[in-house]
Amino acid sequence: MHAPAQQPSASIRLSDYRAPAWRVGTVELDFDLGIDASEVLARLRLHRDPAQDAPLRLDGENLQLLSIVLDGSRLPATAYRYAGNVLEVDGARDGSVLETRVRLRPAANTALEGLYLSGSREAGFLLTQCEAEGFRHITFFPDRPDVLSSYTVTLRADRARFPVLLAGGNSDGAGELEGGRHWARFVDPHPKPSYLFALVAGRLERIERDYVTAEGRAVQLKIWAEADAIGRCHYAMDALERSMRWDEQTYGRNYDLDVFHVVATHDFNMGAMENKGLNIFNAKCLLAEPDSTTDDEYRHVEAVVAHEYFHNWSGNRVTCRDWFQLSLKEGLTVFREQSFSADMNSAPLKRIEDVALLRRAQFPEDAGPLAHPVRPAQYSEINNFYTATVYEKGAELVRMLAGALGRDGFRCGMDRYFERNDGRAATLEDFLGALGETNGTDLTPYLAWYAQAGTPRLKAHGHYDPTRHAYTLTLTQHTPGGHGAEPRPPLPIPVKLALFTRHGDMLPLHLDGQTSKGGNELVVVLTQVEQNFVFTNVAAAPVPSLLRGFSAPVILECDYTPDELALLLAHDVDGFNRWEAGQQLAARAYEDLRDGTTATALQAWCDALAKLFDNAAIDDALLADLLTPPGEVELAERETAIDPQRIHHLRQTLQQRLAARLGAVALRQRYMALAAHTNTELDAPSQARRRLKRRVLELLALLDTAGACALAATQYRDAPGMTDRLAALSVLVRSDAPQAAAALRDYRARHAGNALALDKWFAVQAQLPGELALDRVRLLEHDAAFMLKNPNRVQSLLGAFVRNNPSGFHRVDGAGYRLLAERLVALDALNPQVAARLATAFNGWQRLEPLRCEAARAVIVELAGHRGLSRNLAEIIGSVLNH
Ligand code: B3K
Ligand code: ZN
């Protein structure tokens, strides 16, 4: 099962896809549930593909087989073989019924895949996680997404220990059994793949709400959580209702069962899971209340609730043929969630947040050894492909398609896609086909985006001809990297653009050779390696605003002067591009500092922001984002020999210069004005004020540390909610302030019983910049509340350290790398999925400066040689090392 990293593990290839030789029409599952041991009886009605002559082979991992019965006869040991995670059965025919009985050990399942225990043996509850291949840890089955079956599930358990019994689908009866036991049955009328199966059993409380769909179906919405958490589920209920209405109005999609269950658990490998009719959520993506949840987390809860709900159509009713098509459901559902969140909140801020995430998480992935296409061609462990590329870049590709078709065209195409593929396991070709055909457009050129890794570079060069009053924009594309010599055809790149006068006004656009649309913004699509676009009637050399709204996931290289960027920062009406101009200018300013060159960009950046700082018309939240330069990870992407501590230092200096330009007096005044409105309301202006207040305090801390820390200590003490409390705590900790220790003690005592709040206590300390971080992390690992077994806790301490704290993790002595490697080995034995995700922090080590590069290499080589690594971790380490 566990292959050492040096040996290439068997790869699954897209090109090897074959339709299943055996399908399962109906499944009846009977669970006899217990914490230490559970038994599963599965009754499968089998259908054979007459075109294939293959024996019946079912997936099954770590299953203790108790009995096997085919068409009513118990099979002798000679009639089946269970080896290498496959059960092969002789004598099955089309229409045969196979019954297997297996025993599972939920409490011993630390991988949190299949059936497992959340929480303690005494008080915890049982639940399942099946995507991608967890169902084979529950019973023998053709565990692949193109086998769709009708499920009837019966749960039996002790009533006192498991008062609540839930499975996906509609309720189909419940009752008492002898000996204090009870049962409940669920029937799902919609055939589904095995990865969407789920059950939950234990002591849970619920809140509920009646909902009537646009089509008139009465639905009970029920959110379940442990007693101490149920009071924090009301925000998620509201978000769920908003999501359901939005999908009805925007896509005409209605919910399709009588009940929709949502369950919160503290033990979960990822954010949440869209199981049919029974979504299961990591508590951190569901629970929310002012005292322990920040504004960012509130928005995240809303987004994840929406994402999982939207999967009911994009993923569940229309599912994926195979896991190579994962982005068909994930990219599309992220895009749907992004549109929803933009409608519920501020659209430009949402766009800024999403592009910042893409750059922080996906661009580095796409530039390093873990790069893969949105539709990968092969994999060893599918759980390693739930990546920023499949999700976030995948969403960008859907956004380009939606943009190409326009609002109505996209909606018609989506209607066609859902109708034509309802109840089917589809491919990306089905998706592009439906969208294109409805609109009489051939979208197949966009398939190239799905097939190649790497972030394309788009060069833009403008030339103004004063005699012809013509402005020629030359666009050139190039996608670097790629393993081997695969051809890299030009991609269709939609570039939304506008032209500005030197006074900051937008020009009406006349694109040569095209009937003018008469507007002052348009989209040109680059389809060749290089193309010229000529604009006429341009009175003077303009400043182009390119890739507005981030119309394609590329890196734009444009020879702007600092003044031109400052002009866009001051005047662009596209909120995203305004921010983007500021980011580009800040990056130039950073380079000025780094290279000791003339500080024109630095000056222009500071001057432009000083003006905006005094501009009352600008939104507080946008201003906060404008006052934030690109993050350390993003700045590192511009370097060749990366020294993360130097980058941290330079970025701090950059912000210090900005703070000095704004001035301590002005910063303090603005802080006081914002602090006068302190509340815990979630309306946009209140959230925006908190966001700006935090940024202003952070900037002040770089200028007048003692003064800012005094303000922070007061803010910490008086904070009515978590956003203000955590912001203040973070400023104190990061400034290494004398007040930090007391605040940390207070926080710890105040939130001792709240795991999610405690996670933030670990995370804020793991992000101490520089050399101080490692010792703090080591110390915190000995804290009684630290557990390697809990993914959220691992993420809050180790994840925050290795991923969000480059200057702390990348110590020149390599101690950060050694700590990570040691913890990975321990973690891998418990939970391979979490270990593998953490290990991606080694991505990009080849581009570190020589000392760190060598230190990292030595550690990774040693780790790769470790015997008995899981397939998950081995694949990541192998890829990181070998490419
Ligand atoms: N589909 C799940 C992710 C499953 C991850 C499996 N390792 C959550 C989501 O994207 O909605
Ligand atoms: Zn998803």
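Residues numbered from 1 in each chain as written. Chains lettered and ligands numbered in written order. Predicted model: local features only at pLDDT ≥ 70, side-chain atom pairs only at ≥ 80, totals over all residues. Heavy atoms only, no water.

### Quick look at the domain arrangement of the protein chain
Much of the literature gives interface size as the accessible area that the parts lose upon coming together. As a reminder, the rule being used: The split into domains, and so the bounds of each, comes from an automatic or database assignment of domains. Buried area: the accessible area, evaluated with a 1.4 Å probe, that two parts lose upon being put together, summed over both parts. Counted as salt bridges are all cases of a side-chain nitrogen of Lys or Arg within 4 Å of a carboxyl oxygen of Asp or Glu. Two N or O atoms form a polar contact when they lie within 3.5 Å of each other; inside protein one atom must be a possible hydrogen donor and the other a possible acceptor, and for residues adjacent in sequence the pair counts only when both atoms belong to side chains.
On domain assignment, one finds that the protein chain holds domain 1 (22-310), domain 2 (321-451), domain 3 (457-552) and domain 4 (769-883). The centre of domain 2, based on its C-alpha atoms, is set 30 Å off from the matching centre of domain 4. Between domain 2 and domain 4, the buried area comes to about 1,000 Å², and carbon and sulfur atoms account for 51% of it. The largest share of the area that domain 2 buries against domain 4 comes from Pro369, Leu370 and Asn384, three residues that together contribute 57% of it. Connecting domain 2 to domain 4 are one salt bridge. For the salt bridge of Glu381 with Arg871, the shortest nitrogen-to-oxygen distance reads 2.8 Å. Summed over the shared surface of domain 2 and domain 4, the number is six residue pairs in polar contact (both at pLDDT 80 or more).

### Let's talk about the site of ligand 1
Definition in use: Any residue with a heavy atom positioned within 4 Å of a molecule or strand is treated as near that molecule or strand. Note on areas: these come from Shrake-Rupley sampling with a 1.4 Å probe, and a residue is covered only by the protein chains present in the view. A helix here means a DSSP run of H or I that spans at least four residues, while a strand means a run of E at least two residues long, and both kinds are numbered starting from the N terminus.
Not every one of the 15 residues close to ligand 1 is listed here, only the nearest: Glu131, Glu274, Glu308, Asn383 and Tyr391. Within the side chain of Lys329, an N or O atom sits 3.4 Å from a nitrogen atom of ligand 1. About the coverage of ligand 1: the protein hides 95% of its 340 Å² of free accessible area. Counting only elements with at least two residues in the shell around ligand 1, the list comes to strand E20 (272-273), helix H2 (295-310) and helix H3 (326-344). In terms of domain composition, the shell around ligand 1 takes at least three residues from each of domain 1 (22-310) and domain 2 (321-451).

### Thoughts on the confidence of the model for the protein chain
Our working rule: What pLDDT reports is the predictor's confidence in each residue, on a scale of 0 through 100. Any two residues whose heavy atoms approach within 4.5 Å at even a single point are treated as in contact.
Overall, the prediction assigns the protein chain a mean pLDDT of 96, with 98% of residues at 70 or greater. Below pLDDT 50 for its whole length, residues 1-8 participates in 16 contacts with residues either more than four positions away or in separate chains.

### Some words on the sheet that holds strand E11 (residues 125-129)
Sheet strands pair by backbone hydrogen bonding; their relative direction is either parallel or antiparallel. The condition is simple: Strands were regarded as paired on the criterion that DSSP finds at least two bridges between them. Orientation is described by lines fitted to C-alpha atoms, with helices fitted over the stretch in contact, and by angles between N-to-C directions that extend from 0 to 180 degrees.
An order of E10-E11-E16-E13 is seen for the four strands of this open sheet, with the pairing classed as antiparallel. What marks the edges here is a single partner per strand, and that holds for strand E10 (114-118) and strand E13 (164-167). Strand-to-strand twist in this sheet, taken as the mean axis angle between neighbours without regard to direction, amounts to 15°. Pairing of E11 with strand E16 (residues 199-202), which is carried by two bridges, proceeds in the antiparallel orientation. Looking at the pairing, Leu126 lines up with Ala201 of E16.

### Thoughts on the coordination of the zinc ion (ligand 2)
Tetrahedral coordination by four donors sets the ideal angle at the metal to 109.5 degrees; octahedral coordination by six donors sets it to 90 or 180 degrees. Note the threshold: With water excluded from the atoms, a metal site may look incomplete; its donors are any N, O or S atoms within 2.8 Å, or within 3.2 Å for Na, K and Ca. Whether a residue is buried, partly exposed or exposed follows from its accessible area with a 1.4 Å probe, protein chains only, as a fraction of its type maximum: under 20%, in between, or over 50%, in that order.
Donor atoms from the polypeptide that bind the zinc ion (ligand 2) are His307 (NE2), His311 (NE2) and Glu330 (OE), placed at 1.9 to 2.1 Å. Among the residues examined, Glu330 registers a relative accessible area of 2% and is labelled buried.

### Details of the packing of helix H19 (residues 755-766) against helix H20 (residues 772-781)
The condition that has to hold: Geometric relationships in this document are graded by angle, where less than 35 degrees denotes roughly parallel, more than 145 denotes roughly antiparallel, 65 to 115 denotes roughly perpendicular, and other angles denote oblique. Three classes are used, and their members are as follows: Ala, Val, Leu, Ile, Met, Phe, Trp, Tyr, Cys and Pro are nonpolar, Asp, Glu, Lys and Arg are charged, and the others, Gly among them, are polar.
One way to put it is that H19 packs onto H20 with a least axis distance of 9 Å and a crossing angle of 155°. The pairing of H19 with H20 is recorded here as roughly antiparallel in orientation. Residues Trp761, Phe762, Gln765 and Ala766 of H19 lie in contact with H20, whose contacting residues are Ala773, Arg776, Val777 and Leu780. Broken down by class, the residue content of the contact of H19 with H20 amounts to six nonpolar, one polar and one charged.

### Observations concerning the packing of aromatic side chains
Under the convention used in this document: Here a pair means two rings of Phe, Tyr or Trp (six-membered ring of Trp) with centres within 6.5 Å. Their orientation is stacked below 30 degrees between planes, edge-to-face above 60, and tilted elsewhere. The criterion for a charge sitting over a ring is simple: Lys NZ or Arg CZ within 6 Å of the ring centre, and within 35 degrees of the ring normal.
A complete count under the given rule lists 32 aromatic pairs for this structure. Between the aromatic rings of Tyr386 and Tyr391, the centroid separation amounts to 6.4 Å while the plane-to-plane angle is 50°, which identifies the pairing as tilted. On the basis of relative accessible area, Tyr386 is assigned to the partly exposed category, the value being 25%. Taken together, Trp246, Tyr251, Tyr255, Phe260, Tyr309, Phe310, Phe335, Phe340 and Phe410 form an aromatic cluster joined through their ring pairs. Positioned over the ring face of Tyr251 is Arg336, at 4.7 Å from the centre of the ring.

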